[in-house]
Each structure stands twice: as C-alpha cells, then as structure tokens.
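One letter stands for each residue in the lines below.
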Amino acid sequence: MSEPRPRHFIQQIIDADMQSGKWGGRVHTRFPPEPNGYLHIGHAASICLNSGLAREFGGKFNLRFDDTNPAKEEAEYVESIKRDVAWLGADWDGEEIGGGLHFASDYFEQMYEWAIELIKKGKAYVCELSGEETRQYRGTLTEPGRPSPWRDRPVEESLDLFARMKAGEFPDGSRTLRAKIDMASSNMNMRDPVMYRVLRAHHHRTGDTWSIYPMYDWAHGLEDSIEGITHSICTLEFEDHRPLYHWFIDAINEGRTEDGSGEWGGLIHHPQQIEFAKFLLNYVVLSKRNMIRLVKEGHVDGWDDPRMVTVSGLRRRGCTPEALRSLCDEVGVTKFNAVRDMVLLENAMRDHLNKVAPRRMAVLRPIRVVIENYPEGQTEEFEVQNNPEDPSAGVRKVPFSRELFIEREDFMEDPPRKFFRLGPGREVRLRGAYWVKCESFVKNDAGEVVELRCTYDPDTRGGSNPPPDAEGNVRKVKGTLHWVSAQHALDAEVRLFDRLFTVEAPGKATGEFTDDLNPESREVLTGCKLEPALGGRTADEPEWADGVRRYQFERLGYFCVDSDSTPEALVFNRTVTLKDSWAKQAGKGG
RNA sequence: AGGGGAUUAGUGUAACGGUAGCACGACUGAUUCUGGUUCAGUUAGUACAGGUUCAAAUCCUGUAUCCCCUGCCA
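**Student:** Whenever I open this one, the nonpolar core confuses me. Can you help?
**Tutor:** Proteins that are soluble and globular tend to have nonpolar side chains buried together. Within the largest apolar cluster, 55 residues are counted, with the highest numbers of intra-cluster contacts made by Ile-41, Phe-61, Val-85, Leu-281, Leu-294, Leu-324 and Leu-345. Looking at this core, the elements that each hand over two or more residues are α2 (41–56), β2 (60–65), α3 (75–87), α9 (288–296), α10 (311–317), α11 (321–331) and α12 (342–356). It is α2 that provides the largest number of residues to this core, a total of 6 residues.

**Student:** Just to check I follow, could you spell out the environment of Asp-66 for this structure?
**Tutor:** Checked against the element boundaries, Asp-66 lands in the loop between β2 and α3. Beyond its immediate sequence surroundings of up to four residues, Asp-66 is in contact with Pro-32, Pro-33, Glu-34, Pro-35, Glu-73, Ala-104, Tyr-216, His-220 and Glu-223. One polar contact links Asp-66 to His-220, side chain to side chain, over a distance of 3.2 Å.

**Student:** Explain the sheet that holds strand β22 (residues 483–485) here, please?
**Tutor:** What holds strands together in a sheet is hydrogen bonding between their backbones, with the strands either parallel or antiparallel. Across the sheet, 7 strands lie side by side as β21-β18-β19-β20-β14-β17-β22; this open sheet has mixed pairing. The sheet is open, and its two borders are formed by β21 (480–481) and β22, each paired with just one other strand. Bridging between strand β18 (residues 427–430) and strand β19 (residues 435–443) involves 3 bridges; their strand directions are antiparallel. If you follow Val-428 over to β19, its bridge partner there is Val-436.

**Student:** Is there a simple way to think about the protein's contact with RNA strand B in this case?
**Tutor:** Around RNA strand B, a shell composed of 68 residues is seen, among which Asp-66, Leu-129, Arg-359, Gly-462 and Gln-552 lie nearest. Close to the protein, within 4 Å, the atoms of RNA strand B belong to sugar or phosphate groups at a rate of 61%. The separation between a sugar or linking oxygen of RNA strand B and a polar side-chain atom of Asn-337 is 3.3 Å. Here a phosphate oxygen of RNA strand B sits 2.7 Å away from a polar atom, N or O, in the side chain of Lys-584. Secondary-structure elements contributing two or more residues to the surface near RNA strand B are α5 (131–138), β6 (194–198), α11, α12 and α13 (581–587). Partitioning the surface near RNA strand B into residue classes produces 19 nonpolar, 25 polar and 24 charged.

**Student:** Just to check I follow, could you spell out the pairing of β2 for this structure?
**Tutor:** Every other side chain in a regular strand lies on the same face of the sheet, so the side chains alternate between the two faces. In terms of residue burial, β2 counts as a mostly covered element, since 5 of its 6 residues are buried. Relative to β2, strand β1 (residues 28–31) runs parallel, the two sharing 4 bridges. Residue pairing across strands places Thr-29 opposite Phe-61, the latter belonging to β2. Where the polypeptide runs from β1 across α2 and back to β2, its parallel neighbour, the crossover connection is right-handed.

**Student:** What exactly am I supposed to notice about the sheet that holds β2 here?
**Tutor:** Taken in spatial order, the 3 strands of this open sheet run β1-β2-β3, and their pairing is parallel. One side of each edge strand has no neighbouring strand; the edge strands of this open sheet are β1 and β3 (98–103). Mean inter-strand twist for the sheet, computed between neighbouring axes without regard to direction, equals 20°. Of the strand pairs in this sheet, β2 and β3 are connected by 5 bridges, and their pairing is parallel. If you follow Phe-61 over to β3, its bridge partner there is Gly-98. Contacts from α3 reach β1, β2 and β3, with the element oriented near 160° to β2. Sheet contacts for helix α7 (residues 216–227): β1, β2 and β3; angle to β2, the most-contacted strand, approximately 140°.

**Student:** Sorry, what's going on with the pattern of salt bridges here?
**Tutor:** Note on pairing: side chains with opposite charge can pair once their charged atoms come close. In the structure shown here, the tally under the stated rule is 58 salt bridges. For Asp-106, the salt bridge is made with Arg-205, and the minimal N-O distance between the two is 3.0 Å. Residue Asp-106 is found in the loop between β3 and α4 (108–120), and its partner Arg-205 is found in the loop between β6 and β7 (212–214); the two are separated by 99 residues along the sequence. The salt bridge involving Asp-564 is made with Arg-495; its shortest N-O contact spans 3.0 Å. Here Asp-564 is found in the loop between β26 (557–561) and β27 (570–577), whereas its partner Arg-495 is found in strand β23 (residues 490–497), with 69 residues between them in sequence. Each of Asp-304, Arg-316, Glu-493, Arg-495, Asp-562 and Asp-564 takes part in one network of salt bridges that share partners.

The rules we used
Along each chain, residues carry numbers from 1 onward, in the same order as the chain's sequence is written. Chains carry letters from A onward and ligands carry numbers from 1 onward, assigned in written order. For a predicted model such as this one, the threshold for reporting local features is a pLDDT of at least 70, and the threshold for listing and counting side-chain atom pairs is 80 or more; totals across whole chains, interfaces and linings nevertheless cover every residue. In computing side-chain values, all of the structure's heavy atoms are included and hydrogens and water are not. Buried Ala, Val, Leu, Ile, Met, Phe, Trp, Tyr and Cys residues form a nonpolar core when they are joined through side-chain atoms within 4.5 Å. Each residue's exposure class comes from its accessible area (1.4 Å probe, protein chains only) as a fraction of the maximum for that residue type: buried when under 20%, exposed when over 50%, partly exposed otherwise. Secondary structure elements are taken from DSSP: a helix is a run of H or I of four residues or more, a strand is a run of E of two residues or more, and numbering for both begins at the N terminus. Contact between two residues is taken to exist if any of their heavy atoms lie within 4.5 Å; hydrogens are not considered. Polar contact is defined as a pair of N or O atoms within 3.5 Å, subject to the rule that within protein one atom must be able to donate a hydrogen and the other to accept it, and that residues adjacent in sequence are counted only when both atoms are side-chain atoms. Pairing between strands is defined by DSSP: at least two bridges between them are needed. Nearness here has a simple test: a residue counts as near a molecule or strand if at least one of its heavy atoms is within 4 Å of that partner. Note on residue classes: Ala, Val, Leu, Ile, Met, Phe, Trp, Tyr, Cys and Pro are nonpolar, Asp, Glu, Lys and Arg are charged, and everything else, Gly too, is polar. Looking down the strands as they point away from you, a crossover is right-handed if its path from the first strand over the helix to the second goes clockwise. Lines fitted to C-alpha atoms define the axes, with helix axes restricted to the stretch in contact, and inter-axis angles between N-to-C directions lie between 0 and 180 degrees. Note on definitions: salt bridges are taken to be side-chain nitrogens of Lys or Arg within 4 Å of carboxyl oxygens of Asp or Glu.

The structure is reproduced here in structure tokens:
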C-alpha cells in the first residue's frame, strides 16, 4: 500500500514535545474566529489542522470566538460559524476532542485584572495621545519611534485613569492603555502596543458592561493561557507578533512562581505560538473585504452562493466535509505561501463523491428519441446499479418506453470517426436498457434536429451484448448513453457552475478583481429531464450527515439538491463535472 | 545599514550531511455497460555565485526574487 504520509513541521514539533514531556503529554489546540463574517475554505484548512492535531494526539480542541471588537461583530455570525465548524466535523463538544465552546469576552474581567497588575509592575501606562499622534510617535519602518509624553506618568495616575476608562468616563478613542516596551524596536509591534482602547459599544454578549475592549495582541495569548492551549497555531503574518505574545505572558509571570509563593501568586500557563502559511486558492478571492464586495455588489447571490468558496457556499454546491478534509491533508502544512490549484478542490470532490454518490440518469439538454420498433404504450423497468464502485449500494428500477430523451450533444448529424455516440446509421448502448440504432432524424423549419428515429435490438435487453451471429462474430458498440423515458421523466431546473473568475489571480492585471469575473460562471438550465428516482429520497440512497442529497448524474458530473428545491419544482446544483477526456480531445481539434 | 519569513519537476510537497522521492497535472497504453473509475508506463526539479566536506537540497558566506509588518482590526 501507500507510504505513511510524511509528517509536517507542526506534527514534528508536537512529536518532539511529546518526547520531551514539555506539556505533560497534553495537546490542546483551538480555532479562534472573530465573529464578523463567514468562514471560507482557508478557515476550513485551519479548522482541519487544529482539530486534526487534537484527534491525532488524543488531545482537545476548542472553538473560541475572539469577540474583542463589538464594533464589527454580531451574534448572527456566531451561529453560522458554529454550523460550519460542526459540518466540518471538528467536534468541539464531543467525547473525543471536545475542549468546549469559549468566548474571549468571558475572560474580560481576568484580563482587566492582569492589566492592572502590569500597570502596578510599571509595564503599562495610560496614554492620552490621539490616534493620529500615536501613529506619528510610532515612527516608521526605518526610523525609531518617540516615547509618548505619558509614558512615565506615575503608576497611581495610570491606575486611576484606567479605572475611569473602564467606567466609561472618557469618549471613544480618547485614551489607551499601552504596554511599556521599546519605542525603538525594529519590530513595530513592540513599540508600546495598545492593550486597551476606549470603545463604548454594545457587545453581543457582555452588553454595555465594558467601555474598554482589549486589543488582539494583549488578549489572544491570555485567552490561550486561560484555556490551557499548548500549541497556538496561527498564520504567517503573526510571526512578528510572537515576541509580543511571549512578552505579555512573561510580564504577567514576573513576580510569580510555580508554587504560587511569588508576590503575584502562581505562574500562568504559557502556550507556544506556531505559524503556518494560510491556504490560498487560485481563481477566487479569499480576503474578507473582497468577498463582502462580491455579495454587496451582487456579483453573487449571497454568502452561500455555490460559486463562493465560503464553507456555506461549498456545502450548498454539494461539496462534502470529507472532500475538504482530504484536500487539506493532501496539501500539507508549511511556511511557504503557496497558491493551491483549484483543480485540487475539484478532484477532492470527485474522489469522495465517486465512492459514495448514487448514480442516476438525467438529461440536461434533451432531444427526443422515438424507438420505432418498440410497441406504443408499452413500458418496462430495468434494474440499474446504483454505484459500480460499490455493489452494496444496490440497484434501482428505471422505466423504459417508446419515447425517450437523450443528451442533445450525444447526437451528431455528421460525426467524426472517433465520436462514439449517435449519428445516422450508428448504434450505441442505452445504459442498462437496450442497444439502439439511429435510422433517421427529423428537423424543424429552422434546420435544427428535433427528433431521432431509432430501432432497438431486443436481444440486448439490460444493455448486454447480443449473441454472436452464425459465424461467431460479436457485434460491438463503443458508446453508452444516458437516457430518460419521456413519459416518466421529471422536469427540473439544473444550475451549472463554473469558476467565478477567468484568471488565476483576479485583479492582478488591472488592480480591480471584478474585471476578471467570469460572466458565464453560472448557467441555469430549465426543462431538464430526470429519471423518476430523483423525485425524492429513495430507500436505497445513503443517509447524508448534512441532509444534502447528492448524486452522480451519469456521464455528466456530481449534483446535489439545492436548498431552493421543492417537490413541485426540483432544483439541482452541479458540484463538479466528471473528467471528460472526449471534451479535451474535441477541444484540441482532434 | 529597518525587522521578520520563504525559495526542490508545470503546480504543490518529502528527503533533517550519504540513491532527489511522492501527489496532482500533462502525455501513452490496458480494462470498463459512465469518453467516468481503476491499472501500467512516460515526462520533468534542488533560485544564483562562492566556500566547508570523502560526500551538500541539507552546513557557511554573499546575491536575487517573493510574502508580511508603520489599525485605538483580528
């Protein structure tokens, strides 16, 4: 079989930690979204990584909302994020890896106390510089900053001011609490970073209790510490923040001892921050700013538009959590900012769906076929395999009659030799039914072919080969077509999706990503013809954990029932096409 | 004279001083009641320049290119 997967650098770090006993054999990870938007495929990668490590090492995984900025956050997002994380199988409340659901806002009181401790230790001060002044004092990438005039004010004064900031005495933005570190540091993050700002906003969980809110750098490590996180995994842009992550926890731990006998009591837990490259994909935009524009400007129908690579969009499109997980597995974890190829996502969806999706027949662009030698009014049923990859998936019955629909593109009036489908005088197999031969065709006034007249061979019942002739020669056909009985067919709308953008890096050429939108990213087909089994869930279908019914439409691709679908008006989405080596060959002019 | 990361076939990713391997793509061919799946094969790589070493993708020096950092966002 295949080699065991090489271990990525984070696994290697944890392997070493387990060896050394650094965390007492514990592994505890977390996914810390800010509830201010929808999760996308990049977040999914982080969720898979963090929950996967917890699973692999018998550890725990927390879902933690980093809700430290009420100006941008809403409860609505909390629910969508929980739904998406659960869908991905990162079971934060389960037996196995469940570390629980947490909110940064639950720690506000504790953080506040630690902030006071830092003021008392002379490591933090209240600064009264305005936003603009703060920026000027900070210096630039190549020039050091200057100390704030408030930097050395008495501890008592800072203490008093900080309490009054909390009490809501000062207007938004008028004061900050800053860490006293190094205004000349080459690392901008260390130039007396802001720990708290005055922000008298209503918080979705704490209401109007707080008039000050902690900044990311101050809050994040403390959240990790409180939850006992061992490996705090984040993206590469936080590498510069790591010294600050350590500085804050070290500052709190100064004057503390392991046994709690220190002036300030016992040590607090000090996790390890590890950075990896975020998941990037070509042919899409992943930044929150740009995704919001896609929705707000109406380029897509919403956050769950199947063309969006949001988790909810992918789900609606028919993607499975298994496909996403195996994709993440496949691309690995590194510190190289690689742009992943969209075909990897498409292949991951095909791979999983091929194994589990029941086969059905659906004709998207129908053309009528009349079997001239099949008795009028007669009907019969064929048992057709649900999945050739999995015999245990069973069979279902498909009705056959004199008038059928086949795919318009499966007939050519004047076909090239390598076209294995129907043409005048050509014979093909109708999947699971009979072999049919095209005798003639009918055109309308516009010169379009509207109907095929065929004959069938009763000796090929079930689609099997006919018996050899008198000389022992066996007749063969090259092509097998999907079909639907006209009188039994269900009508449906089918939505085909293509890439949202026509270029790998949208906006690269002009600076405006909307210039690269693919005008044909969605095609809505109506009057599609489905076999009756697609009308509703049948007993032989798998039970999908998320309730989304998915199928392979034979020879076409993978499709799922859209959330707009009703029993009266069926709507399907195409998740991904099948690979099509004929289209590729035909496209090359061969 | 700012700092922090990164660079291995077309695209990703291993090799942790000792045979440059794997996946995807592309291209052949076989099998097939899906032009699908599966199987077999072909293709092609250590950014550059020096150095250390019996031996360098790996260690050292320099260069180039790319990404991130000057929010009271996360």
